[in-house]
Each structure stands twice: as structure tokens, then as C-alpha cells.
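Structural description and commentary
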Protein chains: 2
Amino acid sequence: MKAIILILLLAATATASVKAEDGYRLWLRYDPLPQTSALLSSRQQITTFFIQGQSPTLAVLSRELSTGLSGLLNKEITITPAAATADIVISKSNNERLGTEGFSIITSTTGRRQIRISANTDVGLLYGAFHFLRLLQTGHPTSNLNITSKPGIRHRILNHWDNLDRYVERGYAGISIFNWHTLPGYIDKRYIDYARANASVGINGTVLTNVNANAYILTPDYLLKVKALADAFRPYGLKVYLTARFSAPMEMGGLKTADPLDADVKAWWNNKAKEIYQLIPDFGGFLVKANSEGQPGPQDYQRTHADGANMLADAVAPYNGIIMWRAFVYSHETPEDRFKQAYNEFKPLDGQFRKNVMVQVKNGPIDFQPREPFSPLFGAMPQTPVLMEFQLTQEYLGQGTHLAYEAPLFKEVLDADTYAKGKGSTVAKVINGSLYDHPLTGIAGVANIGNDINWCSHPFAQANWYALGRLAWNTALSSETIAEEWIKQTWSNNSKVVAVCKQMMLDSRETLVNYMTPLGLHHIMGNGHHYGPLPWGKSLPRADWNPVYYHRADKAGIGFNRTATGSNALAQYTPEAALLWRDSTTCDEKFLLWFHHISWQRPMHSGRSLWEELCYKYNEGVRGVKTMQQQWSSLQQYIDTERFSQVQQLLTIQYNDAVWWRDACLSYFSDISGLAIPAGYERPAQTLDHYKSLQFPYAPGNGK
Amino acid sequence: MKAIILILLLAATATASVKAEDGYRLWLRYDPLPQTSALLSSRQQITTFFIQGQSPTLAVLSRELSTGLSGLLNKEITITPAAATADIVISKSNNERLGTEGFSIITSTTGRRQIRISANTDVGLLYGAFHFLRLLQTGHPTSNLNITSKPGIRHRILNHWDNLDRYVERGYAGISIFNWHTLPGYIDKRYIDYARANASVGINGTVLTNVNANAYILTPDYLLKVKALADAFRPYGLKVYLTARFSAPMEMGGLKTADPLDADVKAWWNNKAKEIYQLIPDFGGFLVKANSEGQPGPQDYQRTHADGANMLADAVAPYNGIIMWRAFVYSHETPEDRFKQAYNEFKPLDGQFRKNVMVQVKNGPIDFQPREPFSPLFGAMPQTPVLMEFQLTQEYLGQGTHLAYEAPLFKEVLDADTYAKGKGSTVAKVINGSLYDHPLTGIAGVANIGNDINWCSHPFAQANWYALGRLAWNTALSSETIAEEWIKQTWSNNSKVVAVCKQMMLDSRETLVNYMTPLGLHHIMGNGHHYGPLPWGKSLPRADWNPVYYHRADKAGIGFNRTATGSNALAQYTPEAALLWRDSTTCDEKFLLWFHHISWQRPMHSGRSLWEELCYKYNEGVRGVKTMQQQWSSLQQYIDTERFSQVQQLLTIQYNDAVWWRDACLSYFSDISGLAIPAGYERPAQTLDHYKSLQFPYAPGNGK
């Protein structure tokens, strides 16, 4: 009898495998769990669940739990109307500690053994249910749960740089999942699965449109499309936001000005906000990129960023909307070190913003480089809620083809100490509002999502979406924990798979830094598309768009002097924070060339000269990719053929790219310094002229 | 025991259903068949198969048969090394009747009962295996097979209008599946499934790039990418072709001219062909759009299309390559009826082309309208192989959201009689070479494929890809047969599903003609994107780009006089063919306004005036969509939730679009004619000005 069952189960598995593992299901796969003791206990324990009340959110919760549990436990799990006899009880609590989104999961052993998921709100219950499914999927015993969890940050948001024609700026995973042309009539199943995935990691907001904004989204026809998405997302606790093109009153409203102090302009935005909120009562608000890289803004009218933000803030305030105003600005006119410009612009405005404005700051002072020091604006605006902008899409991190787990990058920034209120004033505390006691808090991730079947192009890129959500919920989670959770849900609970994948992921970012921009190099990638190395680049019309502006390599040395004898960007940090970097002999070598121009001959901590250390690091990067290839190969027997092959092919591309980065950069720096690559290191396969000759006119993501 | 088995099977099904039915698998789903008697017999009969020999093609055949049979029969099917004891025997034959691609499938009853699939070539065996799987999937008994089949047309080709940045011109299903940026390093599983799907319907060639061509595809780096695709496709019998930009010798080669008679130009192409064939020995050849809509061509140097085609033909001839030279040309200078221009240009060149040139002619004289008379070039070039170009992508047939089964359109053209060699000289006979005894034959379909999960956007659009392949194999297949085959493989073998879907599909094209362009109207769609109605359009710089050029409606009547008193395009047909349309009183009313300017008051065969007939037909179109909605709704219980909902939503969009087409067109024609819409017909919901005001700046497919 047992043999027959086994044969039948195997046959079913064989048949099921006709459907390939295509990555569409993300970390919500719900395939039957392996038969561990924890699982067997849960399987025995759980057959029914009860949900108190009714609402669209509870309906999706019920569906998720039923599908998820039936899949994971490989038996039919049903909803029951009787709380007393249910194995899982989902019910509303009145527990101040849980706030509006938190939940508790408790295994009750008084009376009937039950798992009780409680929250003050429906969406809290949904988050609790997803967390419970995560516990199961990651092999956590459910027999003795006592969990209380609530988000540390209020607005946990994706930023889509998606255009209305579905082109995604810096998108490497196909085109936008938002098909504006077929909205509002066609609600793609993908919209629902997108909302599910976000809810499962606690992401509660999404900005649907590109920061390089198009006013057309504000036309009545398009607002109906936005409403259709908002309606689809609402049960999942996911609010929609839009980008506001500052000149919309002129382009769409026919006004002669977009001056934020002009009465007609104010009225136009007030009416537009009213129109939006009539359609979408819980509309989140606007994200704005103004007076930056050609976008219109208040400075076109000699007004400040605060004037602009406040005008929009007043328009959405009656409806509890918020404005996220980006600090990513740098001037066409000012020859000032680009590093310093956001701070110079925004620091003086501290205290001038309305209560419903957040200033959205990229993690570093330049632009999402593989490694940046934290932006000096963190901690520098005590009276202003500052929202963190991370970039999930790997614009500078190998784009669609490199494995680069970003949680270590996020954590490096969040854990950095601003010393703004003395030691322990971490960026995380600025962001979560605790340092300056701001109730309005936020983290945004520039989405890495497209219409590729597996959403993110690289199977491992899904982990960055996942990590953003989990860290936004709890900045204290470690990169290791997040990786482990994600691997177990996405790949396998097998201990070897978990161990190997985790090591690959944790090492991947440093490996990438090594083969791209070691020792504090930054912004030496290709023009426009930002694909591949271009350290010799100096052809663009603005100095601060060119690689040579950033590395400043010459016969004598390399690096950007940002000390008091240079641009003095370091002065934007608190003295204690600056201390880490101020002295080139004690400066953390990971950041060295961010702040110092250093002689090629300078001895490093390793004993090697700077030049040889550079050669060493680039080779370390290449070696790191080779190691990842070997690690991945060791997992072949544990991974489905399709995804195994995908990652294997991508790692080969990554290896070849790493070699290219190393050889192109070292060829160029060797040429500049007059120093030969030391014996023992591999020679570049091609001449410097060859690397310089490469052109990629159809590399993706490069705007239009 | 039986009860236990049933429960286990049900549980497995429930679990499997976690994976949604997303349409990715096309008509190759291989889910377990329903338990009919035919199936039970096959199931009993088949456990093993034998394949004689080894090759990459036989390896994919083996995998397909093993996956397909195991899935369909829901039991493990294995390959065996012993032909004598195998239930299916795949082996090479030496049977002249089968040619290089044909196959036979015979159930042998002498000795051991075996199904024997034979062919002269490996690819013939692959086609045979796919056909056998099709027989099983469509519920055909396999106990008594005696089938011989070979293709009626040699080159069965998809044309991708895909750009190197993955934008697809006239693409409504996402972006190109060909990700040039990650080639050659990354071979997407999709490439393999694309090749499988094509092989399953006998498509043996694919032109990877847009006819509005980019010379960059001919650079060495890109040719390596093309080679990677060619290598992936080769086992499936699928050859790759490229579009040749005529000016490539200047743009890529630095020459001063692209004159086809210039020795350096010839040498450049000869070398380029040599370079390509060194990488891809079975490269198919070039497709060329020259001197048309801004593309460069031989006329830039006062040479003929034959001069241009022959120069390229000579370059690929040593390697058995072919040139497909498009006849889709119309002049900027000539004020001649656009209908006539392709004929005028190409007819005089008959006899001047090399043996390895085919002239590729769109099915109708204008441009893939919902209904066109066949192009007068068919039958008019006895000395030249003429290749049929159909358009699968629904540029003028509702784009990504309308259900329009195109086989009836294809058949209408193929069955049309050119009378070129007397009665019975059908277009099909021109195309399949039998009329003029040409060995070089071809059919091309402009692909409707993109990176949408389900490939073609509309679930029913997959049927058009399928139909192209099946008709190219055998032009005698009926629309009904093809629809039935496709439905059974894609949706269900359930007789109600088959009957209802078939009726929907067979009626869909006439319904679309009715709500868009009844009675021979044509080319009255939106500018540029071609989305929606624009019968009032007259703003474009060229007369023959504007809708008013084509319908010529005025106070007195409507239609384009192409008789001897008008443009006399009819004279391009043989007198017998022209007879069908020459006299406005006997002209088939489906084509009436293609050839005649008719008084609004003219009584039609129905007894209604032309004006009322127009109103009647537009309303018939709307009613037809309503009927499709009802038909589809009746299938809810038989169709998976996901695809049911998709089609349901799309039919709602189609219904609203049909109403829009009707109301916009009738409002406009009413305004022009001064005639009111007769009582009993629904009134337009909006004013004519409203319809005229609609703008769709982000409608897809509109070039860049």
C-alpha cells in the first residue's frame, strides 16, 4: 500500500514537472515542504482555519492561506465557520502595541491547541498570515509560536521608473508590468500577483510612474487607469502614488506658469488633487523630481524646493496625502563637487517643509554606486522627515546579468553612524524617525521589476525586492537572515542549498565592488547606458558626468580629494563621522579614493602599493565570480534544470564581464600611471584601444 | 484501493493547480487527456518508443515524445533500445514521396502492433512525432493510422518586425523575445520553446529582424548573437534569416555608395555573406524592404528592384541562400492609386530575377486590411516565384485586444481565383508553385509574438500563429479543421468547448470587418498607431496615408472608383477575375467600396439603401461581439479561471471598441452624407467632435 502511494506521488511529480520552474511565483511558491519533523508536526496540527469578519482584505487573506497551506502541507486545508474548532484563528485584536499594521502569532496551549493570528486591522492580519506562511516555508516549527511584529517604518515603497509607453528607465527585466494601454479594461493577473508579493514582505506603497515625469498621467482618462490599479491593489494594503511633473499646470492645464506661489497654479493642483481623491480616496500622494537633470521645478521661478513641495503638500493635505520630494539635485551652472550639491541645496531648507513632506535622499551622495559613503544629508535635517531611496534595479551593479545581493549594501548604509546626536545616531535611526522623533518615515526602493516571466531578469535579483521589504519592516534584520529566508522560499530548504546560496549572496556585493570599483573608485562606467567600464570617459558635455571627473587619475596618483585641501565635502559630515575618512592613512580603504588623491606608490595596509592593491582587488573580484560559479555548480543536483541553467549562464556572463572590467580598468590605469601590471597577475587579453573601441548602442535602460 | 488512488490523484491535481494556467505552453500543453475510449486504447498500447540513430534533432524528438506522451497518457513512457519490442518506432525511410520534410505514420498490424513514424530526414521524423502528438491531443484514435504528409510549400517563415532594442513594430504582446543584449551568452529557455512551437506546426524559417532594417545586425558582434540563435534553433529544423539594409555597405562598410552594380558594393556583400555562412552554414538568406517608406534601395542609384535583389542573390547563391524581396512599395512622387503601384513596379520585372529570389507580396494591394481583394501580382509574374506575406500581428484587426481568427482571411485569399491560366488558377496554386511549376515556394507570416507570458497577448491570437504554420504545410486545410485542432490542444477536448470556440473563431473575422470596415471600406483607422477609427483623417502629408483618400465619401456617395472610369486598378487583374468586381450592380458587396463610388441611396441586395446597409453592418458587428461574449460566458465551467477571465475582460474591451468604431464611423458618415441614422439603430453616445478629439499618444506598436 505504501509503495503504491509512493509510485503515485512520483508519477504526479513527473507530470507536474511538465510545467517548468519559470520563476514567476517568486518566493510564494507553496510547493509541498520536505518531510522534516517540524513540518510533520504542523501538517498534523493544521487542517482548518477560521477568519473573523469579512472584507476584501480578509477575502484575499483567506485565499492566500488556503492556497499556501494546502500547497505547503500537501493536504486540503479549509476555512471553517467555527472558531472554537479551528486550528488557526485569524481575528481582530485591540492591542495598542501592534499599531495599524502589526500582528501577533501565538500558539495557544490553553484549551484546544490553536495558532492565533491577531492584529488591529485587516491588513495587519494579512501581514500576519504571510508571516505565518513564511515561517512554515522556512521550516520553522509552529507548535510554540509567540511572535509580535510591527513595522519600524511607515511608508515602505517601490518607485517604478516606468514610462507610459511601458519603457522602463534603468529597467533590465523587460518592459513595465503596467500596461496603460489596456487599462482600465484589462486587469492583468500579474497586477494581483505583484500586490501579493509586496504584501508578503510588507511593502505598502508603489509609485507607478517615472520620476522623469510625464504630465499625461494626470489626464482624466489616465486617472481612471490609475484608479483601476488602486482598486486591484487596495485589498493588499498597497497604496498607489504618482510622480508629479512640476510643469503639469502649463502642459495639461494651459496655464502660463507653474510658479508654486501663483494662485492659479495652486488652484490647478488643488483641483487635480480633489479629482484624484474622488477616484482614489486612499491615494498616497506625489513623488517629485524637480530641478534636476532637466526636470522642471520651483527654481524655474526663483522659488525654493520647499516652496514647490509645500504647494503640492497643501493640495494633498486635506486627504492625508504626502509629498516625497527628491534631494537628488545637481546644478548645470555650479562647478561645485557634485558630491556636495544635494546637501548644499537642502540642508538650509530644514524646517521649512510642511508636515506632510518627506525629503527623499539617495543612500549615497552621488548615484547608487556599488559602494558609496552615506549621504551627508542623513542626520543633517533634524526638523525634516528624511526618506531613504535605495535602488533595487542594478543600474550600476551589473544590470540584468550579474548576481549582486544588495542587502549588505543597504545594511552598510543603515548601520552607518552619522553621529548627528552623538555615537549611535545611525542612518537607520534617522530613517525610522527615532533619532528626531518623526512619525512620518519611509524607505523607497527603485523597482527592479519588469514583464520578464520571472519579474526581475536574474533569478537572484528577486532577493533585492524581497530584502527591501523585509528591511523596511525591520531595519535590524541581518543580511544573513533575509538571505536565508529568501533562499528557503525561492530555491529549497535543503541545508546545502541554503548554505551555498547564502555564501554566494553575502559575498556577491563585495566581489562586484572589487571587479568594478575597488578602494573607493566610483562612477567609471559607460556613458548613458552605464554598461561596462569606461574609466577613460571624458566626452560628455558636463564634467560631472564623466568618469575622469571622479577618479582623477594622473601620473602621480588617483582619487578625488574631498578633504579640506580639496573639495572639502567631508565638512558636510559631523566631525566624528568625518573622522573615519579624513586622514588618508587611517581612512577605511574601502572608501579611500572617495576622499583622497593617493600616490600610486603609497603602501596600503596589506603592504602592497596602491597600484598593486588595485591590481590585487580587481583580480579578487574576478576570482570571486569564479568561486560563485563553482559554488553554483555544486548545487546542480538540488536545483530544477531551468533555473539552474539560467543562473549558470548568467554567472558565465558575469565572469566574462568581470574580466572585462578588470582588464579595461587596469589597462587604462596602467597607461595613465606608467606602471606595469605586476608579475603574477593575468595580462589583459586585448589592447587598451580595443576596450576603448567597444560600443553598445542597444544596451538597455538608457532612456529614450 | 481505487478510492485511495482517486483521492491521491485529486490531491495532486489540487496542488498542481497552484501553478496557474498562464498560456506559456501554447498548444503544447500535454496535460493528461480525458478518459475517452480512443485515449484508453492508446494508453494501453503505448509504453515505449524506439528511435533509430542519433542526432541533435533526434535528441529533441526523444525529449518531446517522452514529455508529451507521459503527460498526455499520464503514465511513464520510456525510450527503449529494442525496436522489435517498442510500441512506437521512429526510423529513417527511403521514400521519395516524402521528400525532405514529409513523414508517414502507420499503425502496423503485421506481427507486433506498432506505430511506425518514418521519414527520409531527421526533421521529417520530428514533424512526424509532433503530428502524432497532435493526433493524440485532438482525440484521434491511434490504433489504425495510415498517414502520409509532406509540406506543400518549401519556405514556411515567420517575419519578426523586431528591432535590436527589442521594440517590436506593430507588436502588441510586449517586446521582442530576442534579447540581443544578453546574447550570445544567455540562451533563454524561451528560444527553445519558440523553436519547438514552430517545429510543431512545420514553420522552418524565421527572419529575426525588422524589415525596416538596421545594418548593425551585420556587425561581427551581432552575427555571433545570430549564430547563437541559429545553433539553438537548428535541431528544430528552423533556419534563421536576416533583413538586409540596402545601405549597409555605406553605413557599416564605409563605402561611398550602395549601388548594386558597383564592384565594391558587390564585394562587400559577397564578403559579408561569406562571413555569415562561416558562422552559420545553413543561414537562410535575406529579406529586403527597399525603396519603400523611406528605406534605401537600388532606385536610389537608378537601378531596378531586380538589380538590387540579384546582387544580393549572387552573394548568397554559393551557399544556397535565398533572397525574399518585398513588393510592398509605393512612391512618394507618383500620384497613382496606391493600390496599383506594387503591380506597376514589379510586373515589368518578371523574368529578370535570379533563380534564388522570391518576390514577397502582401496578400492584398494595400496593407493587411480586415478584408482586401487579393493582390493583382498573384498570377501576374509567371517567371518569378512569388511568396505570400500574411500578417499575424493584428495591426488592423484589433491589435492586442480583439479576438480575430485569421484563417478565414488567409483562406479567402488562397482560394481566390486569379484565372491567370484559366479557371482554377487559385492564389494557392501560385504560391505553392504548381501553377507555373516553381520549385522555390514560400509563405511568410508577420509574427504576433512578444515577451508576454502567453506570447501573443490575446489567448486566441496564438491560433493565428498556429494557423499560419498549418496552412503553409497544407493550404487545403480548412479554417474549421485548423480551429478545431488548435482548440482541442489549447483549451479542451470537451465537445461543447470545441463547438462554441470554433463558432466564435469562425465568425470573428466577419464580425470585425462589420464593426470596422464593412462593404469594402478600408484604411480608415487612426494615424500612426492605427488604433481606433479615424474616417475623418486627412491631416497626414501624403494623400494615400489618409483615410479620406480611401473612402472618398461625399454628399453623393462613398467608395473608391477603381473601374475604367476611375483609377482602373481593376485592369491589373485578368478579365475573368476582374469580372467579379467590375460591375457595381453584380460586384460582391463585401468588396463593393474597394472598387466603386456608390450613391448613398443605391439599393443593395438586402433591399436596404447603401446608407442603411452600412448602418446595418456596423450594428451587425457590434451584435457579433455581444454574441461572442455570451458564447464565452457559457464556457465558464469548462475553462480555467485565469484564461477564462482574460478572454472575458478582452471581449468587454472588444465590445466597447466595436461600439466606438460603429458610433464614430456612422457619426462621421452621417455628417458627410447629411443622412440620419435610421430609426431602430442605436444612437452614438457621443458627438462627432468627441470622437474626433480622442488622442492616444502611447498606443503601442507605432514605431519610434
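Every residue gets a number counted from 1 within its own chain, in the order that chain's sequence is written. A letter from A marks each chain and a number from 1 marks each ligand, given out in the order of writing. Reporting of local features is limited, given that this is a predicted model, to residues whose pLDDT is at least 70; pairs of side-chain atoms are given and counted only at 80 or more, and all residues count toward the totals for whole chains, interfaces and linings. Water and hydrogen atoms were dropped before computing side-chain values, which therefore reflect all heavy atoms in the structure.

Helix and strand counts for chain A come out as 21 helices and 16 strands. With the C-alpha coordinates aligned to their principal axes, the bounding extent of chain A is approximately 80 × 70 × 50 Å. By the burial criterion, 64% of the 704 residues in chain A qualify as buried. Accessible surface area values rest on a Shrake-Rupley calculation with a 1.4 Å probe, where residue burial reflects the displayed protein chains alone. Total accessible area computed for chain A in this model is approximately 24600 Å², and 52% of it derives from carbon and sulfur atoms. Considering chain A, the positive charge centre built from 66 side chains and the negative charge centre built from 62 side chains are found 5 Å apart. Helix numbering and strand numbering both begin at the N terminus, where a helix is a DSSP run of H or I of at least 4 residues and a strand a DSSP run of E of at least 2. Per-residue accessibility, obtained with a 1.4 Å probe over protein chains only, is compared with the maximum for each type, and a residue is labelled buried under 20%, exposed over 50%, and partly exposed between these values. Positive charges come from Lys and Arg, negative ones from Asp and Glu, while His and the chain ends are left out of the count. Think of each charge as sitting on NZ of Lys, CZ of Arg, CG of Asp or CD of Glu.

With that out of the way, let us pick up the interface of chain B and chain A. Accessible area lost upon the coming together of the parts serves often as the stated size of an interface. Facing the 47 residues of chain B at the interface are 47 residues of chain A. Of the roughly 4200 Å² buried where chain B meets chain A, counting both sides, 65% is carbon and sulfur surface. Salt bridge, as used here: a side-chain nitrogen of Lys or Arg that lies within 4 Å of a carboxyl oxygen of Asp or Glu. Where chain B meets chain A, there are zero salt bridges. For the side of chain B that touches chain A, the secondary structure elements donating two or more residues are helix H1 (2-16), helix H5 (189-200) and helix H20 (641-673) of chain B. As a working rule, the residues Ala, Val, Leu, Ile, Met, Phe, Trp, Tyr, Cys and Pro are called nonpolar, Asp, Glu, Lys and Arg charged, and the rest polar, with Gly in that last group. Here the side of chain B that touches chain A is built from residues that sort into 23 nonpolar, 13 polar and eleven charged. Contacts were defined at the residue level, with two residues in contact if any of their heavy atoms lie within 4.5 Å. The term buried area means the drop in 1.4 Å probe accessible area that two parts suffer when joined, counted for both and summed.

We now examine unusual backbone geometry. Excluding glycine, residues mostly carry a negative phi; peptide bonds, for their part, are mostly trans. A cis amide bond links Leu 183 of chain A with the next residue in sequence, Pro 184 of chain A, at an omega value of 0 degrees. Phi at Asn 74 of chain A is positive, roughly 55 degrees, even though this residue is not glycine. You can see Asn 74 of chain A is positioned in the loop between helix H3 (56-73) and strand E2 (78-79). With a phi close to 65 degrees, His 530 of chain B is a non-glycine residue in the positive phi region. By secondary structure assignment, the location of His 530 of chain B is in the loop between helix H15 (495-516) and helix H16 (547-551).

Attention now moves to the environment of Tyr 194 of chain B. Residues and elements named next belong to chain B. Among the secondary structure elements, Tyr 194 is positioned in helix H5. Owing to a relative accessible area of 0%, Tyr 194 belongs among the buried residues under this scheme. Each C-alpha atom, one on Tyr 194 and one on Tyr 236, is 9.8 Å from the other, the two residues being 42 residues apart in sequence. Setting aside anything within four residues of it in sequence, one finds Tyr 194 in contact with Leu 158, His 160, Ile 177, Phe 178, Thr 206, Phe 233, Leu 238, Ile 449, Trp 455 and Trp 465.

For Phe, Tyr and Trp, where Trp contributes only its six-membered ring, two rings pair if their centres lie within 6.5 Å, and the inter-plane angle classes them as stacked under 30 degrees, edge-to-face over 60, or tilted in between. Tallied over the entire structure, the rule returns 90 aromatic pairs over all chains. A ring pair is formed by Tyr 194 of chain A and Phe 233 of chain A, whose centres lie 5.5 Å apart and whose planes are at 50 degrees; its orientation type is tilted. One end of the pair, Tyr 194 of chain A, is in helix H5 (residues 189-200); the other, Phe 233 of chain A, is in helix H6 (residues 220-233), with 39 residues separating them in the sequence. This pair shows no difference in class: Tyr 194 of chain A is buried, exactly as Phe 233 of chain A is. When the centroid spacing of 5.5 Å and the interplanar angle of 55 degrees are considered together, the rings of Phe 460 of chain B and Trp 486 of chain B count as tilted. Here Phe 460 of chain B is found in the loop between strand E14 (442-446) and helix H13 (462-473), whereas its partner Trp 486 of chain B is found in helix H14 (residues 479-490), with 26 residues between them in sequence. Each member of the pair, Phe 460 of chain B together with Trp 486 of chain B, is buried. In this scheme, the term charge over a ring applies when either NZ of a lysine or CZ of an arginine sits within 6 Å of the ring centre and within 35 degrees of the ring normal. One Lys or Arg, Arg 552 of chain A, reaches over the ring of Tyr 549 of chain A and ends 4.9 Å from the middle of that ring. Cation over ring: Arg 608 of chain A sits above Tyr 616 of chain A, and NZ or CZ is 3.6 Å from the ring centre.

Hydrogen bonding along the main chain pairs the strands of a sheet, whether they run parallel or antiparallel. Residue and element names in this part refer to chain B. Strand pairing requires that DSSP identify at least two bridges connecting the strands. The sheet built from six strands is open, its strands ordered E2-E1-E3-E5-E4-E6 with mixed pairing. The open sheet is flanked by strand E2 (78-79) and strand E6 (146-149), the only strands paired with a single partner. Here strand E4 (residues 103-108) runs beside strand E5 (residues 114-119); their pairing, made up of six bridges, is antiparallel. Looking across to E5, one finds that Ile 106 is bridged to Arg 116.

Here we come to the sheet that holds strand E9 (residues 239-243) of chain B. Residue and element names in this part refer to chain B. Ordered in space as E7-E8-E9-E10-E11-E12-E13-E14, the eight strands form a closed barrel in which the pairing is parallel. Between one strand and the next, the sheet's axes are offset by a mean angle of 25 degrees, whatever the strand orientation. Relative to strand E11 (residues 322-326), strand E10 (residues 285-288) runs parallel, the two sharing four bridges. Pairing of Leu 287 across the sheet is with Met 324, part of E11. Between N-to-C directions, angles span 0 to 180 degrees; the directions come from axes that are lines fitted to C-alpha atoms, helices contributing only their stretch in contact. Most of the contacts of helix H9 (residues 305-316) go to E11, to which it runs at about 160 degrees, and overall it touches E10, E11 and strand E12 (357-362).

What follows covers the relation of the copies chain B and chain A. For the least-squares superposition of copies, only C-alpha atoms count, and only for residues with pLDDT at least 70 in both. With an RMSD of 0.0 Å, the fit of chain B onto chain A corresponds to turning through 180 degrees and sliding 0.0 Å along the axis. Look at the turn and shift together and you get a two-fold axis relating the two. Interface residue correspondence from chain B to chain A reaches 100%, placing this contact among same-surface, isologous pairings.

The final tally for this structure, using the stated rule, is 72 salt bridges over all chains. With a shortest N-O distance of 2.7 Å, Lys 502 of chain A and Glu 484 of chain A are connected by a salt bridge. Here the residue Lys 502 of chain A occupies a position in helix H15 (residues 495-516), and Glu 484 of chain A occupies one in helix H14 (residues 479-490), the gap between them amounting to 18 residues. For Glu 484 of chain B, the salt bridge is made with Lys 488 of chain B, and the minimal N-O distance between the two is 3.3 Å.

Here the focus is the side chain of Lys 289 of chain A. Residue and element names in this part refer to chain A. For Lys 289, the position within the fold is in the loop between strand E10 (285-288) and helix H9 (305-316). Each polar contact in these results corresponds to two N or O atoms within 3.5 Å; when the atoms are within protein, one needs to be able to donate a hydrogen and the other to accept it, and residues that are neighboring in sequence are counted only if both atoms are side-chain atoms. A distance of 2.9 Å separates the side chain of Lys 289 from the side chain of Asn 212, its partner in a polar contact. Side-chain polar atoms of Lys 289 contact the side chain of Glu 293, separated by 2.6 Å. Each residue touching Lys 289, except ones within four places of it in the same chain, is listed here: Val 211, Asn 212, Gln 295, Pro 296, Arg 326 and Phe 328.

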